[in-house]
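# Summary of structural features
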Amino acid sequence: MLGSAGRGAGAVALAVCVAGSTAGCAATVGHSPPARRPSAARTAGAGAQTPFTHSVVRVRGFASSCDQRTEATGFVYAPERVLLNAHVVAGVDRDLEVVLDDGRRFAARVVAFDPEVDAAVLRAPGLTAQPLRLTRAARTAAVVVGYPKGAAVPAVLPATVRPDQPAESYDIYDRKRVSRQVHRFQGAAVTPGMSGAPLVTGGDRAMGMVFAVDMDRADVGYALTAAQIEAVAAAGENAITAVPHDPCS
């Protein structure tokens, strides 16, 4: 998990083994210690204005039960709706908000939450950013757009994408073994805070959502496919009632 929390606890890793990957397993890392400010090389393209960066948002909140502040990335996919990873909002009960690249802030609530897929939806009334459209189309070239921890503007990182493939892992609570469909991408070194970043192609389409990084190679990551997160997106698109999303992951 790549969402960053404010506590100084050591990182917690969950293995994600991808079939046919020469790199072995990836790790979803959460509850990270505060990250150093990303170097220029890791944030190449940060602040670049593109038609879709305004659709990518920062997500912030606080989980009282585990005394954790979260900071992550999400993206608008429908009016007033934001897709992101479930692990970054698990247990969040205070100050949940989304922030646009122009600094505008919108209070949010969780209206869909799937700990097995690791996807959730926020409703943010008044949010007017242009949605990115989910696409199952296979592309080899894309960009990862996300907010490194502490950044006020998103980084835009080019990536080369492999076709979707199965991955074996556990849910966000490390309780139940699950199988996910993922894209493996290379060339974009994602950092804490970029969990939930969309894998954008075709200008305004999201072919996946970042949720894990390779244990051995900083420039290799994994994104849930659009097909994998479609059901959660559909469940949250018209939902207005908050749903349970405890405990912390």
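Description of the structure in this document. (Residues numbered from 1 in each chain as written. Predicted model: local features only at pLDDT ≥ 70, side-chain atom pairs only at ≥ 80, totals over all residues. Heavy atoms only, no water.)

### Side note on the overall build of the protein
To be explicit about the condition: Labels follow the DSSP assignment, with helices taken as runs of H or I lasting at least four residues and strands as runs of E lasting at least two, numbered in each case from the N terminus. Whether a residue is buried, partly exposed or exposed follows from its accessible area with a 1.4 Å probe, protein chains only, as a fraction of its type maximum: under 20%, in between, or over 50%, in that order. For this analysis, residues touch if any pair of their heavy atoms sits within 4.5 Å. Only the protein chains shown count as covering a residue, and every accessible area follows the Shrake-Rupley method with a 1.4 Å probe.
Along its length, the protein carries one helix and 18 strands. Here the protein, with 249 residues, has 55% of them falling under the buried criterion. A fraction of 70% describes how many contacts in the protein between residues 6 or more apart in sequence connect residues 24 or more apart. Only carbon and sulfur atoms are counted for the fraction: they give 52% of the accessible area of the protein, which is about 10100 Å².

### A few points about the side chain of Arg81
To be explicit about the condition: Residues scored as positive are Lys and Arg, those scored as negative are Asp and Glu, and His as well as the terminal groups of each chain are ignored. A pair is scored as a salt bridge if a Lys or Arg side-chain nitrogen falls within 4 Å of a carboxyl oxygen belonging to Asp or Glu. Between N or O atoms, a polar contact is any pair within 3.5 Å; within protein, one atom must be a potential hydrogen donor and the other a potential acceptor, and residues adjacent in sequence are included only when both atoms are from side chains.
Looking at the element boundaries, Arg81 is found in strand E6 (residues 81-84). Within the buried core, Arg81 has no salt-bridge partner, and the shortest N-O distance to an opposite charge, that of Glu80, equals 4.1 Å. In this structure the side chain of Arg81 is engaged in a polar contact, spanning 3.2 Å, whose partner is the backbone oxygen of Glu237. Sequence-distant contacts of Arg81, that is, excluding residues within four places in its chain, are made with Phe75, Val76, Val121, Leu122, Arg123, Gly236, Glu237, Asn238, Ala239 and Ile240.

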